[in-house]
Amino acid sequence: MMASQSTTTFSPSFISTRTNTTDSTHLTRFPFRTRPQTRFSTRRLVLSSRLNSSKSSDAGGSVNNGDFAYELHHDFYRHRKKGSPVFVTLPVNSVGLEGRISRPKAMMLSLRALAAAGVEGVVVEIWWGLVERNEPRVYDWRGYRELIAMASMCGLKVRTVLAFHQYGTVTDDPNRIPLPLWVLDEIQKDPELAYSDRFGRRNIEYISLGCDIFPVLRGRSPIQAYADFMRDFRETFRPSLGCIITGVLIGMGPGGELRYPSFSSLKPNHHELGEFQCYDKYMLASLNACARDIDKREWGNGGPFGTGSLMQNPEHADFFRNKDGSWNTPYGEFFLKWYSDMLLLHGERICREAETIFRGTEVRISAKLAAIHWHYATQSHPSELTAGYYNTSNRDGYFPIARMFSKYGFSICCSCFEMQDAVMKTINPDGSPEGFLRQLLLAARLCDLSLEGQNYSTNLDDGAFNQVLKMSKFYSNGIEKRPFSFNFVRMDKKMFEPRNWDRFTRFVRQMSGRNIFRSRLNSSDIRSKTTSKATEVGLLYPHS
């Protein structure tokens, strides 16, 4: 069955490396850039906003909303002399299934409190499964338009995440957001559109990248569907792009990250090896074609043997063992290169579309990589390999990805900035979040990429915040100041508890620098007013 499919729909060029698959036309349209293209204008924008009105004041003015007066000075990133801006990711269910803001009063008060604390802006996740929910090419942006307008009224910038993945894996999760219903209908008709592991377990967090270019979604390919969504977003929000909406992160996989769904997106276990996701018919046909191309047909029938169980010690798995594991054999190198090249090709296809669509809009486009650090201290790095990152003790798996993003002018977003090796070693001796992050940051520096950091967990203690400051300086300090910003994930009731709020606002001041938020009141008054607002917000959140 697989042989017939591969002969009719696949060719070796489909699975070859990025350089080979990019034809001369694409090379002409998207020449390699050693420095990312600047997307921001050189003007300085001084913005003052009325918190209770959608009508903004004249540039440079200040207003009083009855609680406090403030002035926000927005320097686009290239003009920021010191400090790094802080953004806050809004709750997953900020816009409900009906397409409306879930709790508008609590949201408005929350945004006011964030603005008072000196936060630069908010991150809004825009879910494919909500906007294009019922029918292809029928988009409902109402709730997100209202939410972005609300943030603008509070003087906040907005970063959007175009989320092409499912949120939540448990059916009864109240916050669960599935893929569009019409997409799920197509997956039900053809389950091979979903990723599969060696046990035949299907994962519908994200459509299998094996069918990227095939018209499996009612006449469109997944890449075409993503591009149409991005294009409609651009047209809908065009007046806000570059001034209110300053960044767009493009989802490229489960959890919004460029990776395979080898582990749980919501609660990954820090011992989990992960499973190779290459057993749907589209991935198998590509692997089969690649193996035939080098006259190794026996290598094209599936993933590696001896990969152990999910929670097994990698030293007890033949494929992942440090010294004589088959990951370091000609077969292992062939499979891992094919597997990672397919992921890189998927990223390049989306980057190519996004660069074209958002060209000239003055928004910074970015993509997210997964922070898979729990086997970083081993030689084979099994949990990274199963996720699609061919990163081992003798191979750098992140530089090719960073180089690809640099080619299209993307920034990189990554989490685990608050995690410390000393703490991780008590949980998992093989883990090293700091080691992983340093390697990724070095690749980003070499490719001259802007970086967006995130926290992995919602730990709000001083040690976590100090670690973020330390790792941000590791990236941004030096002769060449590289743009760095931080996305705090995410806003919830716990964040507004007095003790946590005090820590958070202190962190924002340390990260941003006082040139970002210039108040006409003294600092003690600011703390008093922002704490009062945070308390008011906390009372509106459910007791959970």
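Residues numbered from 1 in each chain as written. Predicted model: local features only at pLDDT ≥ 70, side-chain atom pairs only at ≥ 80, totals over all residues. Heavy atoms only, no water.

An unreviewed UniProt entry lists the protein under the name Beta-amylase, with Lupinus albus as the source organism. In the Catalytic activity (unreviewed entry) part of its UniProt record, the protein is described as follows: "Hydrolysis of (1->4)-alpha-D-glucosidic linkages in polysaccharides so as to remove successive maltose units from the non-reducing ends of the chains." In its Sequence similarities (unreviewed entry) section, UniProt records this for the protein: "Belongs to the glycosyl hydrolase 14 family." (UniProt positions renumbered as here; feature names shortened; annotations may be inferred.)

Asker: What should I look at first to understand the packing of aromatic side chains in this one?
Answerer: Given two aromatic rings, one states the distance between the centres and the angle between the planes to describe the pair. Applying the stated criterion across every chain yields a total of 40 aromatic pairs. Between Trp128 and Phe164, the ring centres sit 5.8 Å apart and the planes meet at 75 degrees, which makes this aromatic pair edge-to-face. Residue Trp128 is found in helix α6 (residues 128-131), and its partner Phe164 is found in the loop between β6 (157-163) and α8 (181-189); the two are separated by 36 residues along the sequence. This pair shows no difference in class: Trp128 is buried, exactly as Phe164 is. Judged by centre distance (6.1 Å) and plane angle (20 degrees), the ring pair of Tyr139 and Trp141 falls under stacked. A network of ring pairs unites the aromatic residues Trp128, Tyr139, Trp141, Phe164, Trp182, Tyr206, Tyr226, Phe229, Phe233, Phe237 and Phe358 as a single cluster. (Phe/Tyr/Trp six-rings, centres within 6.5 Å; stacked < 30°, edge-to-face > 60°. Helix = DSSP H or I, 4+ residues; strand = E, 2+ residues; numbered from the N terminus. Buried < 20%, exposed > 50% of the residue type's maximum accessible area, 1.4 Å probe, protein only.)

Asker: Even after reading the chapter, I still don't get the environment of Ser262, so can you show me in this structure?
Answerer: Residue position: Ser262 is located in the loop between β9 (245-250) and α10 (281-293). Between the C-alpha atoms of Ser262 and Gly388, which are 126 residues apart in sequence, the distance is 8.6 Å. If near-sequence neighbours (up to four positions away) are discounted, Ser262 is found in contact with Glu272, Gly274, Glu275, Gln277, Ser383, Thr386 and Ala387. (Contact = heavy atoms within 4.5 Å.)

Asker: What should I look at first to understand helix α13 (residues 399-407) in this one?
Answerer: In an α-helix there are 3.6 residues to a turn, and that puts residues three or four apart on one side. Among the nine residues in α13, seven count as buried, and that is most of the element. Three or more residues of α13 are buried, namely Pro400, Ile401, Ala402, Met404, Phe405, Ser406 and Lys407. Positive phi appears at Gly409, one or two residues downstream of α13, with a value of about 70 degrees.

Asker: Can you help me understand empty space enclosed by the protein in this one?
Answerer: Picture a little ball the size of a water molecule; that probe, rolled over the atoms, points out where space is still empty. According to the stated counting rule, one finds six cavities of 30 Å³ or more in the structure shown. Taken as a whole, the largest cavity holds about 60 Å³ of empty space. Together, Val123, Arg159, Thr160, Val161, Gly247, Val248, Leu249, Arg364, Ser366, Glu452, Gln454 and Asn487 line the largest cavity. Elements that contribute at least two residues to the lining of the largest cavity include exactly β6, β9, β10 (364-368) and β12 (451-454). When the residues that make up the lining of the largest cavity are grouped by side-chain class, the tally is four nonpolar, five polar and three charged. (1 Å grid on protein atoms, 1.4 Å probe; cavity = no way out; pocket = protein on both sides within 12 Å on 5 of 7 lines; lining within 4 Å. Points joined across faces, edges and corners; volume = space filled by probe spheres on them. Nonpolar A, V, L, I, M, F, W, Y, C, P; charged D, E, K, R; others polar.)

Asker: I tried to follow the packing of helix α9 (residues 222-236) against helix α11 (residues 330-358) on my own but got confused; where do I start?
Answerer: To characterise two packed helices, one gives the angle between the axes of the helices and the distance between these axes. Running from N to C, α9 and α11 cross one another at 25 degrees; their axes reach a closest spacing of 10 Å. Classified by the interaxial angle, the pair formed by α9 and α11 is roughly parallel. Crossing of α9 against α11: the hand is right-handed. For the pair formed by α9 and α11, the contact residues are Ile223, Tyr226, Ala227, Met230, Arg231, Phe233 and Arg234 on the first element and His346, Arg349, Ile350, Glu353, Ala354, Ile357 and Phe358 on the second. The residue inventory of the contact of α9 with α11, partitioned by class, reads nine nonpolar, one polar and four charged. (Axes fitted to C-alpha atoms, helices over the stretch in contact; angles between N-to-C directions. Parallel < 35°, antiparallel > 145°, perpendicular 65-115°, else oblique. Left-handed = near helix turned anticlockwise from the far one by under 90°.)

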